[in-house]
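Chains, contacts and geometry: an overview
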Amino acid sequence: MSITLRKLTEPQDLQQLEALEGAVWNTTEVIPYHMTITIAKFGGLFIGAFDEDKMVGFLYTFPGNSHGEPHLCSHMLGFLPEYRKQGLGVQMKWLQRDEAIAMGHTKITWTYDPLETVNGVLNIAKLGGIVRTYFPNCYGDLDDEFSRGIPTDRFLIEWFLDSNRVENHRAQNGEKPSLVEGAPEVLRFEIVDGLPKPVEQRFDLQEPILLLPVPAHFQEVKHRDMDAARSWRKLTSELFQSYMGQGYTVTYILRDPDQDIVRYVLDRRPLPAILDSAARA
């Protein structure tokens, strides 16, 4: 399969984007063409994936400003079902980085659910994003398949585009950190009837590197035991907010295909040291 990725600027491309968004998310509530073309003219960045002349995926980015600092906000990334799980999303994010740098930007931000760990692997382990901010119940109560019945907590990914960290993640594809062996875990869990369940939190640890376990398959936990899912949300929310408040940054996510748990790496180094590092913590 030969897929072409490119920046979208022409009206006919942005018109295709409106129809594609509805097909990707199976909804009629899409961003209208008159908004996308205006955003594209005034600082936004749209990227499309094409199978010959057919647009099959898109990435939508708009300009933002946090604490007086201009940056880009990456809002949506999606592909038609038959084009998913082929590595196209990673390719599109790297093109987004290149185009953003060409526009003069040094940072892109976006949010994701910290318990949806497939997204965590992409955003942190592969792309080199970091997390210093936790938004509890970011969108309020939602009734979609993934959010129903549980607070919509989100990580804020910060992607420092021209940092050594990001450069090295691109070159090394997110090499595993080297200083996590034996690092203490801030949450104890147990496996009950095949499901991981949180048991006990630790708020008093002060090691340079800490690990925070979360379920590898959170939607399965929700499907089988909603009380356990709510407990995971509550306890991890408290821990992430507490340790981020103490100066820790999420810098990696460790995944073992044979385990039902993945582990976020909490790193106490100052931001300049994190951004100047290679993929290793």
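Residues numbered from 1 in each chain as written. Predicted model: local features only at pLDDT ≥ 70, side-chain atom pairs only at ≥ 80, totals over all residues. Heavy atoms only, no water.

Observations regarding the overall build of the protein chain
Short version of the rule: Strands are runs of DSSP state E lasting at least two residues, helices are runs of H or I lasting at least four, and both sets are numbered from the N terminus onward. A radius of gyration in this sense is built from C-alpha atoms; the matching globule rule multiplies 2.2 Å by the number of residues raised to 0.38. The classification of residues rests on relative accessible area computed with a 1.4 Å probe and restricted to protein chains. Under 20% of the type maximum is buried, over 50% is exposed, and intermediate values are partly exposed. We call two residues contacting when some pair of their heavy atoms lies within 4.5 Å. Per-residue and other accessible areas were derived by the Shrake-Rupley procedure at a 1.4 Å probe size, with only the shown protein chains allowed to occlude residues. Charged residues are defined narrowly, with Lys and Arg counted positive, Asp and Glu counted negative, and His plus the chain ends left uncounted. Here the site of a charge means NZ on Lys, CZ on Arg, CG on Asp, or CD on Glu.
The number of helices and strands found in the protein chain is 8 helices and 12 strands. Taking 19 Å as the expected radius of gyration for a compact globule of 281 residues, we find that the protein chain reaches 19 Å, a close match to that expectation. Expressed along its principal axes, the backbone C-alpha trace of the protein chain runs to roughly 55 × 40 × 40 Å. Here the protein chain holds 281 residues, and the buried ones make up 49% of them. Sequence-distant contacts, at least 24 apart, represent 69% of the contacts inside the protein chain between residues at least 6 apart. Carbon and sulfur atoms form 49% of the exposed surface of the protein chain, whose accessible area is close to 13500 Å². Across the protein chain, the centroid of the 29 positively charged side chains sits 2 Å from that of the 39 negatively charged ones.

Description of the nonpolar core
For clarity, the cut-off: Here, nonpolar core refers to any group of buried Ala, Val, Leu, Ile, Met, Phe, Trp, Tyr and Cys residues whose side-chain atoms link them within 4.5 Å.
Ranked by size, the top nonpolar core spans 80 residues in total, and within it Phe155, Phe240, Val250 and Tyr264 carry the most contacts. Ranked by residues supplied to this core, first place goes to helix α7 (residues 226–245) with 8 residues.

A look at the packing of helix α1 (residues 11–25) against helix α2 (residues 33–41)
Going by this rule: What counts as an axis is a line fitted to C-alpha atoms, over the stretch in contact for a helix, and the angles between N-to-C directions run from 0 to 180 degrees. An angle counts as roughly parallel when it lies under 35 degrees, as roughly antiparallel when it exceeds 145, as roughly perpendicular when it falls between 65 and 115, and as oblique in every other case. Note: crossing handedness is left-handed where the near helix turns anticlockwise from the far helix by less than a right angle, and right-handed where it turns clockwise. Basically, the charged four are Asp, Glu, Lys and Arg, the nonpolar ten are Ala, Val, Leu, Ile, Met, Phe, Trp, Tyr, Cys and Pro, and anything else, Gly included, counts as polar.
The N-to-C vectors of α1 and α2 enclose an angle of 135 degrees; their axes lie 9 Å apart at closest approach. Here α2 runs oblique to α1, going by the angle between their axes. Every pair of crossing elements has a handedness; the one defined by α1 and α2 is right-handed. Every residue of α2 that contacts α1 at Pro11, Leu14, Gln15, Leu17 and Glu18 is listed here: Tyr33, Thr36, Ile37 and Ala40. Looking at the contact of α1 with α2 residue by residue, the class counts come to 6 nonpolar, 2 polar and 1 charged.

Quick word on helix α5 (residues 164–172)
Where we set the bar: For this quantity, the arc is that covered by the directions from the helix axis to the C-beta atoms.
Regarding α5, the residues found buried are Arg165, Val166 and His169. Buried residues of α5, viewed axially, fall in a sector of 95 degrees; they line one side. Where α5 is buried, its residues touch α3 (88–102), α4 (117–126), β6 (130–135), β7 (154–160), β11 (249–255) and α8 (271–275).

Here's the deal with the pattern of salt bridges
Under the convention used in this document: The term salt bridge refers to a pairing of a side-chain nitrogen on Lys or Arg with a carboxyl oxygen on Asp or Glu at a separation within 4 Å.
Going through the model one piece at a time under the given rule, you end up with 17 salt bridges. For Glu158, the salt bridge is made with Arg132, and the minimal N-O distance between the two is 2.7 Å. In this pair, Glu158 is assigned in strand β7 and Arg132 in strand β6, connecting sequence segments 26 residues apart. Using a relative accessible area of 5% as the deciding quantity, one classes Glu158 as buried. Note on Arg132: relative accessible area 34%, which makes it partly exposed.

A look at the environment of Gln12
Along the chain, Gln12 falls in helix α1. Using a relative accessible area of 47% as the deciding quantity, one classes Gln12 as partly exposed. As for Gln12 and Pro63, which are separated by 51 residues in sequence, their C-alpha atoms are 22 Å apart.

As for the side chain of Arg263
Counted only if it meets this: Any pair of nitrogen or oxygen atoms within 3.5 Å is treated as a polar contact; in protein, a donor-acceptor pairing is required on top of that, and neighbouring residues in sequence qualify only through side-chain atoms on both sides.
Among the structural elements, Arg263 can be located in strand β12 (residues 261–267). Among the residues examined, Arg263 registers a relative accessible area of 18% and is labelled buried. In this structure the side chain of Arg263 is engaged in a polar contact, spanning 3.0 Å, whose partner is the side chain of Gln259.

Here we look at α2
Side chains three or four residues apart in an α-helix point the same way, a direct result of the helix having 3.6 residues per turn. Among all positions of α2, only Thr36, Ile37 and Ile39 are buried. Projected down its long axis, α2 carries its buried residues within an arc of 160 degrees, all on one side. Of the exposed residues in α2, the ones pointing more than 90 degrees away from its buried face are His34 and Lys41. Summarising the contacts, the buried residues of α2 are in contact with α1, β2 (45–51) and β3 (54–66).

Structural notes on the pairing of strand β9 (residues 195–201)
The line we're drawing: Pairs of strands are assigned from DSSP output, requiring at least two bridges between the strands.
Bridge analysis of strand β8 (residues 187–192) against β9 gives 6 bridges, and the strand direction is antiparallel. Note that in β9 the partner of Ile191 across the bridge is Pro196. Following β8, the chain reverses through 2 residues before pairing antiparallel with β9; Asp193 in that reversal takes a positive phi of roughly 55 degrees.

Let's talk about the pairing of β7
Buried residues dominate β7, accounting for 7 of its 7 residues. By the alternation rule, side chains of β7 split into Arg154, Leu156, Glu158 and Phe160 and Phe155, Ile157 and Trp159, which are all buried. Where strand β5 (residues 107–112) and β7 come together, 6 bridges link them in antiparallel fashion. Along β7, the bridge assignment pairs Tyr112 with Phe155. By the bridge criterion, 5 bridges tie β6 to β7 in an arrangement that is antiparallel. Across the sheet, the residue bridging to Thr133 is Leu156, located in β7.

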